[in-house]
Each structure stands twice: as structure tokens, then as C-alpha cells.
Protein chains: 2
Amino acid sequence: MSKTSLSEISRPIKDELDRFNQLYKESLKSKVALVDLVTKYILKQKGKKIRPLLVLLSAKVAGNVNDRSYRGAILVELLHSATLVHDDVVDNAEKRRGFPSINAIWKNKVAVLMGDYLLARGLMISVNNDDYDFLKVITNTVKRMSEGELLQTSKTRKLDIDEETYFKIISDKTASLLSTCCEIGALSAGVSKEKSDAMKLFGENLGMAFQIIDDVLDYVGSTSLIGKPLGGDIKERKITLPLLYSLNLSSKEETAKIKKLLKNADKKGEIKEVIDFVKQKGGIEYSLEVASQFSQKAKKTLEIFDDSQSKIALEALIDFVIKRKN
Amino acid sequence: MSKTSLSEISRPIKDELDRFNQLYKESLKSKVALVDLVTKYILKQKGKKIRPLLVLLSAKVAGNVNDRSYRGAILVELLHSATLVHDDVVDNAEKRRGFPSINAIWKNKVAVLMGDYLLARGLMISVNNDDYDFLKVITNTVKRMSEGELLQTSKTRKLDIDEETYFKIISDKTASLLSTCCEIGALSAGVSKEKSDAMKLFGENLGMAFQIIDDVLDYVGSTSLIGKPLGGDIKERKITLPLLYSLNLSSKEETAKIKKLLKNADKKGEIKEVIDFVKQKGGIEYSLEVASQFSQKAKKTLEIFDDSQSKIALEALIDFVIKRKN
């Protein structure tokens, strides 16, 4: 059976996702009119909701979806929304999911404050319901996500990074939250530590594969209304796995030439030259192979769970992550 | 006995403040070099540390300063630092305490992420030590602070605000954190709910007085290296108590004229005209009177606590807030 779309993958927990959407909407209500206006705008954009999906599927695979699972799903989605809103400030992004970004409409001030608000709102739901196990996991995740981004920023400025550092960065900035989604799902189902650790590891490996594919798509993806433009990372001088691998195979002269191109990479010609270099060195195939290894590891960690429609859905999600085109 | 400087006020807990400074420094260490660099820069700036001072004094007045009191003091100072770093992004501020701001040196990206990091770091300390009572208080505070700023932003854009809304804004954006400092201090000392509520109320009233004086200083303060330039609020079209009171006393024509001035208030002439209008209408005296009423209320809430050097220090802190010139 091949499931290719997120809505197919979500089928075993469709009712639960509907309930989540309802609760999520309610959680965003505020007495401050401007806050209400901005959150309604965020809700209209309908993201992929991969993170709540992960929480609910993990809960169901590990045992059952209950009130705590929904609270966990809301927590991670609020945190994710907060980071997106802050990311757009950080990147001066004009668009998000095809809509003008919050900062583009309401300026940086509102965007920074809304990010803080969304994060606080998420944490409050956990605090008010005594979900302290969630809080332990999520606060560490917030710290790792910001540290990961900061590490990437400093490495970007110096154009100096090795594979170990790259893996640390993507683990902190991306895999940590996906891992947290799966762990929180399992915790909500009240399973053994062995099982919640397995779910956490599943999410970590899934997240690594997810980010590597994201980085590959910067070289081979197609620009679309919702996708990022090709070569965005190159423009920002981010050295990700495809380029990192290619540079490691290169002579000193080649490396110097590419780094020079990166420093001037706001022109289309320079970006194309870097993309061609990576394709020619085999950086794409190598990265896809590494992503595939992480996805295999992810599948393996699911073995201790009983077979179910939800487990099949989690496995299909791995394939979806590997095969997605944007 | 008149205590006029913060260092005199701090004398009864000088040893505790030294210990706090040591622990605070340690709490900021990170394995990510850029994070370490920025936090060292923040530490060099040596803020007034009014918030940790409040936590420690409240703990001492309510009972004793212990490990939990220090953790509470670190939590509030980390949160406060996070909001300052984000504020400077929000306001495009070039300077903070006489030093170039984080965003001025490392750009918005690093500043937004560092704010998130500092907040997460603070929450983690509470989470890892099971200080759940602190978390209940602080997450609500983070929400109120962002909501208060957002409410002010929307009112600023519409130039439409009444006194009730003004008090709500300053309670949320400023008094909430000072109130939280005092409550956390009392909670750390393990006192009765009656006493922790009294401390909370003390902080709330102190915070209201603090912000009103801040708003008055925008009209009568002197520009200095560390102070804000005169008329900054007017330039940003923020209608605070002195102007609000003055507008309420004005004819329709006068009000229309002032609002027109506010819309063009990036010129010095316009700012001076608004300041003169407020002075002439008695907006300064009225605001000082209101601030004084809040300070009286603050003093009254301290009555249930036994007399001590620390209690005298808290009372002196109220006077310091009312009489400060920057």
C-alpha cells in the first residue's frame, strides 16, 4: 500500500485531528482584539500540521489518544507557530505559506510579541493542567532550537563547518521538535520509559531525514507559491549537507572558488554555479542516501510497537518525508 | 532615614545579591560560542537588577532567602533580559544602557533567537528543579507582558485610549513582572497564601507607580547616556497618563490639534508643543499624584510583615521608584 498524501496518512486519526483543530482554535482566543486578529490570520493559513499529527499518531501507536494528547498537540503546534513567526522576522521574510507574513502586515514589533505570546500560551496550557512531563521536554526543546539556529548563524558567517557540526545543528534546530512531538504523544498515552524513549528516537531520526531532504530541496526543488525559492540557503551562505560533502571532495582551489561564490551569492549566476558544482560532485545522491539511512533507523525504532493502522501511518509518514517535493 | 541609591537600599541583602550575581553568571554559560559571547556582552552591561533585588528582599521579608529564592531571582532576570533583547528588535533600538544593542551588533536574527534562548533557559531552571509554583506564575506573566505590549501597539495605531485601558496596559506590560518577582520571593520562603498574595499586591502597586513615573519622565526627564531621549513616547504616538489626562480636559478642537501633532511627531517642534500642552494642563502633577497613590497602597500591603532591615529596604525602594530621575 502506498500512501502519498498527508490526508491519506492522517486517515486513521481523522476524527482526532478534527477535534484537535477545534481545540487549537479555541486555545488561540484572546481578549486583546489585535491578538485575536493575528491568530485568526494564522489559522486561515492552514499549515501541514505535521507536528500535531505526530503527537496524535504516536499516542495512538503507543496506546490511546486522550485529553493529555490533545494538550500536547496544541502545545507543540503553538510552539511551532511561535518559531515560524519569529523566523519570518529573523529572515525578513515577506511571505509564509503563500500569505504575506505577520511582520510584512503588522511589522516586526507585532511579530516578535506574537511569537512570545504564542509560546507563553502553549506553556500555560501545560502549566495549568500540571503536564510537567511535557514542560520538561518542551523547555529543553525551545533551548535547543534557538541554540541550533544560533550555531548555524555563527557557522554561516565564518563559512566554516564540518559534518559533525552540521548534524548537531539540524538535530537541535529541527529534529528536537519532531522528537518532542513523538515523545509527548507517547507520554500522554502513559507508556513505559522504554516505549517513550523509542518514540523519541523515532522522531529524532525522522526529523534528521526531514531536514536533510529540506536541505536537498534547496538544490533540486522547484519554486512554487508555497515552496522556498531554489538556492535560498546558498544565498544566505548556509553550508548544508549537499555542499558540505562536495567541498570535502574538492581541492583547495575548488573550495576557495566556491567560498568566493558564496560570498557574492546574491546573483543568480553565482547560485547556479554552486548548484551545478554540488550536482557534479554527487552531493545530492550522498545526502539522499544519508536521509534514507535516518529513515531506516526511524522505521526500526517502531518495531517494538504492536501493528496497527496508526503504525502503518507513521511508517508512511517517513516515506512522505523522504519523497516530498516541497 | 533616607536611602536614595539602589546600593544603599540593597545593603541588607548585599551578600545574597553577590551570590545571585555569581549564580546568574553561571546560569548563562553555553556550549555554543556565539551564545556565550552574547551573554557575556549582556553581563558586562550591569543593569539595575531591580527584579532580582525584589525577589530576594521579598523572600527575606517573608521569611528567608534560600536556594529556591536564588533560582527565582535568576528566572525573573533571565525573563527580563529576554524581553529587553526583544524590545530592542521591536523598537529598532541602537543602544541599551549606553552600549550598542544586540541587534545593532549581531543583527535582528541573533537578537530574536537570543531572546528565545534566554527565556527557555530561565524556564528550564524551574522545570529541572520542580519549581512548578514559579512556572505557574511566570508563564502567565510572559503572556500578560506580550498581550499588554500588543494592546498598547494597537491603541497607539488608533490614537484612541481611555484611562481604564491605560491602567490595564501598564499592569500587564510592567507591573505583572514586578508583582511576579515579589510573589516568587514570598513563595520561595514558603509563607502562607495570605502573605504571598500580599507580596504580589505590593509588587503590582509598586509596578504601577514605576511605569507611571517612567511615563512622566518622558515629559520631564533629562536625556542622558543611559536614559531615554525626552519625548520618545510622543514620537511613537504612545498616549500615556500625562497626555491622556490632558486630552480629557481639552476641547474637541484642542484634542484634534494634539492628535494631528502626534501623527507628525518625528519633528522636534511638534514634540515640544505636545510636552508644553501637557505641562500647561497639569498632566504631570496629576500623574505624579496617581503614582503616589499606588506607592501608598504598596506601603500599606507591607504592614502584615514583621519589621526588619529588609522591610525598610522594600519601603525605601518604593520611594526610590517615585523619586528617580531616569
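Residues numbered from 1 in each chain as written. Chains lettered and ligands numbered in written order. Predicted model: local features only at pLDDT ≥ 70, side-chain atom pairs only at ≥ 80, totals over all residues. Heavy atoms only, no water.

Draft legend 1. Seen up close, the domain arrangement of chain A. Residues and elements named next belong to chain A. Segmenting chain A into domains produces domain 1 (15-145) and domain 2 (192-304). With eight residues of domain 1 at the contact, the number on the domain 2 side is seven residues. Overall, the association of domain 1 and domain 2 removes approximately 600 Å² of surface from exposure, summing both partners, and the carbon and sulfur fraction of that is 70%. On the domain 1 side of the contact with domain 2, Leu54, Ser58 and Gly98 bury the most area, a combined 39% of that side's loss. Linking domain 1 to domain 2 there are zero salt bridges. Inspection of the domain 1/domain 2 interface yields zero residue pairs in polar contact (both at pLDDT 80 or more). With five residues, the top contributor of residues to the side of domain 1 that touches domain 2 is helix H4 (residues 50-62). Grouping the amino acids of the side of domain 1 that touches domain 2 by side-chain chemistry returns four nonpolar, two polar and two charged. (Domains from an automatic or database assignment. Contact = heavy atoms within 4.5 Å. Buried area = accessible area lost by both parts, 1.4 Å probe. Salt bridge = Lys/Arg side-chain N within 4 Å of Asp/Glu carboxyl O. Polar contact = N/O pair within 3.5 Å; in protein donor to acceptor, adjacent residues only side chain to side chain. Helix = DSSP H or I, 4+ residues; strand = E, 2+ residues; numbered from the N terminus. Nonpolar A, V, L, I, M, F, W, Y, C, P; charged D, E, K, R; others polar.)

Draft legend 2. Representation of the pattern of salt bridges within the structure. All names here are of chain A. Evaluated as defined, the whole model comprises 37 salt bridges over all chains. The partner of Lys281 in a salt bridge is Glu254, with the nearest N and O atoms 3.1 Å apart. One end of the pair, Lys281, is in helix H13 (residues 268-281); the other, Glu254, is in helix H12 (residues 252-263), with 27 residues separating them in the sequence. The buried category is assigned to Lys281, whose relative accessible area is 17%. Taking the shortest distance from any N to any O, the salt bridge between Lys300 and Glu303 comes out at 3.7 Å. The two residues Lys300 and Glu303 agree in class, both being exposed. One salt-bridge network, held together by shared partners, links Arg68, Arg71, Asp131 and Asp133. (Buried < 20%, exposed > 50% of the residue type's maximum accessible area, 1.4 Å probe, protein only.)

Draft legend 3. Geometry of helix H15 (residues 309-323) of chain B. Residues and elements named next belong to chain B. Helix length check: H15 (15 residues) gives 21 Å between terminal C-alpha atoms against 21 Å at 1.5 Å per residue, within 8%. When we look at burial in H15, the residues that qualify are Ser310, Lys311, Ala313, Leu314, Ala316, Leu317, Ile318, Phe320 and Val321. Close packing links the buried residues of H15 with helix H1 (6-9), helix H4 (50-62), helix H9 (193-220) and helix H14 (283-301). (Expected span 1.5 Å × (residues − 1).)

Draft legend 4. Spatial organisation of the interface of chain B and chain A. Taken together, the contacts link 40 residues of chain B with 40 residues of chain A. Here chain B and chain A share an interface that buries about 3900 Å² over both sides, 74% of which is from carbon and sulfur atoms. Connecting chain B to chain A are two salt bridges. Among the ionic pairs, Lys136 of chain A bridges to Asp130 of chain B, the shortest N-O distance being 3.1 Å. Those elements that place two or more of their residues in the side of chain B that touches chain A are helix H3 (33-44), helix H5 (67-90), helix H6 (102-128) and helix H7 (132-158) of chain B. With 16 residues, the single largest contributor to the side of chain B that touches chain A is H6 of chain B. Grouping the amino acids of the side of chain B that touches chain A by side-chain chemistry returns 21 nonpolar, eight polar and 11 charged.

Draft legend 5. Summary view of helix H11 (residues 241-248) of chain B. Residues and elements named next belong to chain B. Counting buried positions over the eight residues of H11 gives six, a clear majority of the element. Burial in H11 covers these residues: Leu241, Pro242, Leu243, Leu244, Ser246 and Leu247. Turning to H11, the residues buried within the fold contact helix H8 (163-188), H9, helix H12 (252-263), helix H13 (268-281) and H14.

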